[in-house]
Amino acid sequence: MTLQLRVYVPPHPLIKHWLAVARDASTPSVLFRSAITELGRWLTYEAAREWLPTMEATVQTPLSTSPATLINPEIPVAVVPILRAGLGLLEGAQTLLPLASIYHLGLVRDEATLEPLCYLNKLPEKLNPQTRVLITDPMLATGGSIMAAMAELTHRGVDPSLTRIVSVVAAPPALQKLSAAYPGLIIYTACIDEGLNDKGFIVPGLGDAGDRIFGT
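Since the model is a prediction, treat every value here as computed from it, not as a measurement. (Residues numbered from 1 in each chain as written. Predicted model: local features only at pLDDT ≥ 70, side-chain atom pairs only at ≥ 80, totals over all residues. Heavy atoms only, no water.)

## Details of the UniProt feature "binding site: uracil" (unreviewed entry) in the chain
With numbering matched to this structure, UniProt assigns "binding site: uracil" (unreviewed entry) to I202, G207, D208 and A209. Of the residues named above, I202, G207, D208 and A209 line the largest pocket. Mapped onto the elements of the fold, G207 is located in the loop between β13 (202-203) and α6 (209-214). Judged by relative accessible area, which is 36%, G207 ranks as partly exposed. Leaving out residues up to four positions away in the same chain, G207 has contacts with M139 and F201. Along the chain, D208 falls in the loop between β13 and α6. Residue D208 is classed as partly exposed on the basis of its relative accessible area of 32%. (UniProt positions renumbered as here; feature names shortened; annotations may be inferred. 1 Å grid on protein atoms, 1.4 Å probe; cavity = no way out; pocket = protein on both sides within 12 Å on 5 of 7 lines; lining within 4 Å. Helix = DSSP H or I, 4+ residues; strand = E, 2+ residues; numbered from the N terminus. Buried < 20%, exposed > 50% of the residue type's maximum accessible area, 1.4 Å probe, protein only. Contact = heavy atoms within 4.5 Å.)

Okay, structure coming up:
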């Protein structure tokens, strides 16, 4: 069976609402941060469907026994926020995945070459190949940062087919690179935008997510 990159744009009205708030240039930093948190929550909710590992069990109700499905605690779940903007989505994701391990990965883009530079890597040397990994990165633009993150993760044993990416907006260049390198990957994004400008920013996009989240 041939694997193919899948990109989901959930038609949820709350995702659409918070995307509109985030796009608006007049949205103040504190509200923009709330919008990104909410997008992290609702996109993670969608991404967790048929991804979180489950186990069958039996529970005792007040009246009888009942079959039950529970999250399997023996299979690790990890969230990897791409710093710094990925921290905005992390807060919402953690409300749904409170027991997940958090591994920070700091990448900054060289504005001249548009290539990523790593300044912080808290990933362990090896990860259980069954680990469910959720990457939070608001902007999939040129694809440089997310490709660097995927390279670090797969080098440590992560299975791309068990990996989910949560993003606010994505552009074709990043999606094309991911599709060529990791066809089993699944992405959840609020919108696929038309492209990039000459500075590598997504258009129409929402500006510099990191600057707007942290008010810098």
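More follows now that the structure is in view.
## Let's talk about the pattern of salt bridges
Tallied over the full model, the rule gives five salt bridges. With its nearest N and O atoms 2.7 Å apart, the salt bridge here joins R23 to D193. Taken together, the residues span a long stretch of sequence, with R23 in helix α1 (residues 13-23) and D193 in the loop between β11 (186-192) and β12 (195-196) at a distance of 170 residues. Classification of R23 by relative accessible area gives partly exposed; the value is 25%. Judged by relative accessible area, D193 falls into the buried class, the value being 5%. As a salt-bridge pair, R84 and D211 come within 2.3 Å of each other at their nearest N and O atoms. (Salt bridge = Lys/Arg side-chain N within 4 Å of Asp/Glu carboxyl O.)

## Let's talk about the layout of surface pockets
By volume, the largest pocket is sized at about 590 Å³. Looking at the largest pocket, it is lined by 28 residues, and the ones nearest its centre are A85, L107, R109, S145 and D208. Those elements that provide at least two residues to the lining of the largest pocket are β4 (77-83), β6 (105-109), β7 (116-121), β9 (139-140), α4 (144-155) and α6. Counted as a void, the second largest pocket has a volume near 300 Å³. In terms of lining residues, the second largest pocket is bounded by 17 residues, among which L52, I71, V77, L97 and L99 are the most central. (Points joined across faces, edges and corners; volume = space filled by probe spheres on them.)

## Looking at the packing of aromatic side chains
One pass over the full model with this rule turns up two aromatic pairs. Between Y8 and Y188 the ring centres are 5.1 Å apart and the planes differ by 20°, which places this aromatic pair in the stacked class. Of this pair, Y8 sits in strand β1 (residues 6-8) while Y188 sits in strand β11; the two residues are 180 residues apart in sequence, bridging distant segments of the chain. Look at W42 and Y45: their rings are 6.1 Å apart centre to centre, the planes differ by 70°, and that puts the pair in the edge-to-face class. Of the two residues, W42 and Y45 are both situated in helix α2 (residues 29-48); the distance of three residues between them amounts to about one turn of the helix. According to the relative accessible area criterion, Y45 is partly exposed, its value standing at 42%. (Phe/Tyr/Trp six-rings, centres within 6.5 Å; stacked < 30°, edge-to-face > 60°.)

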